[in-house]
Amino acid sequence: MKEIITAANAPAAIGPYSHAVAIEGIVFTSGQIGFDPVTMQLAEGVEAQTVQALTNLTCVLEAAGATLADVVKTTVFVKDMSDFVKVNTIYAKFFTELHPARSCVQVAALPANALVEIEAIAFKGADEQVSN
């Protein structure tokens, strides 16, 4: 049975979707952008938006009983691929061990004119796995 996840300390959904859905230990998150969860204002610049998006993602995962260490796959959407190095540098500070698989794509536009959006798939307990 699927479980709908709502994170109290992440920005409220701005559409008809859930923060995440969990089923049989797998957590599928919705994309997170750089909204401050208190003010619902977008952070300034791609670096600040990336930090906030990953912080929001962390909150969503925690509400689902998971952590960044449980993430097995992420998708990063950027408005401008020339921001990739900046985004990647910050991303590496959040995902420090057992890096998940990842895709990064440039898109024409993101909600609220965001510069970056990040979604994840996590498997609860994946942090206990050993890499080869």
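Residues numbered from 1 in each chain as written. Predicted model: local features only at pLDDT ≥ 70, side-chain atom pairs only at ≥ 80, totals over all residues. Heavy atoms only, no water.

Participant: Whenever I open this one, helix α2 (residues 84-94) confuses me. Can you help?
Facilitator: Because an α-helix packs 3.6 residues into every turn, residues spaced three or four apart end up facing the same way. What α2 keeps buried is the set Val87, Ile90 and Tyr91. Buried residues of α2, viewed axially, fall in a sector of 105°; they line one side. Turned more than 90 degrees off the buried face of α2, the exposed positions are Val85 and Lys93. Buried-residue contacts for α2 involve α1 (45-63), β4 (71-78), β5 (101-106) and β6 (116-123). (Buried < 20%, exposed > 50% of the residue type's maximum accessible area, 1.4 Å probe, protein only. Helix = DSSP H or I, 4+ residues; strand = E, 2+ residues; numbered from the N terminus. Arc of directions from axis to C-beta. Contact = heavy atoms within 4.5 Å.)

Participant: Can you walk me through the packing of aromatic side chains in this structure?
Facilitator: Each pair of aromatic rings is reported with the distance of its centres and the angle of its planes. In this structure the tally under the stated criterion is one aromatic pair. Stacked on the ring of Tyr91, the Lys or Arg Arg102 has its end atom at 4.5 Å from the ring centre. (Phe/Tyr/Trp six-rings, centres within 6.5 Å; stacked < 30°, edge-to-face > 60°. Lys NZ or Arg CZ within 6 Å of the ring centre and 35° of its normal.)

Participant: Sorry if this is basic, but what is going on with unusual backbone geometry here?
Facilitator: Glycine aside, residues mostly have negative phi, and peptide bonds are mostly found in the trans state. Positive phi, normally seen in glycine, also occurs at Glu24, with a value near 50°. Unusually for a residue other than glycine, Leu98 sits at a positive phi of about 45°. Mapping Leu98 onto the fold places it in the loop between α2 and β5.

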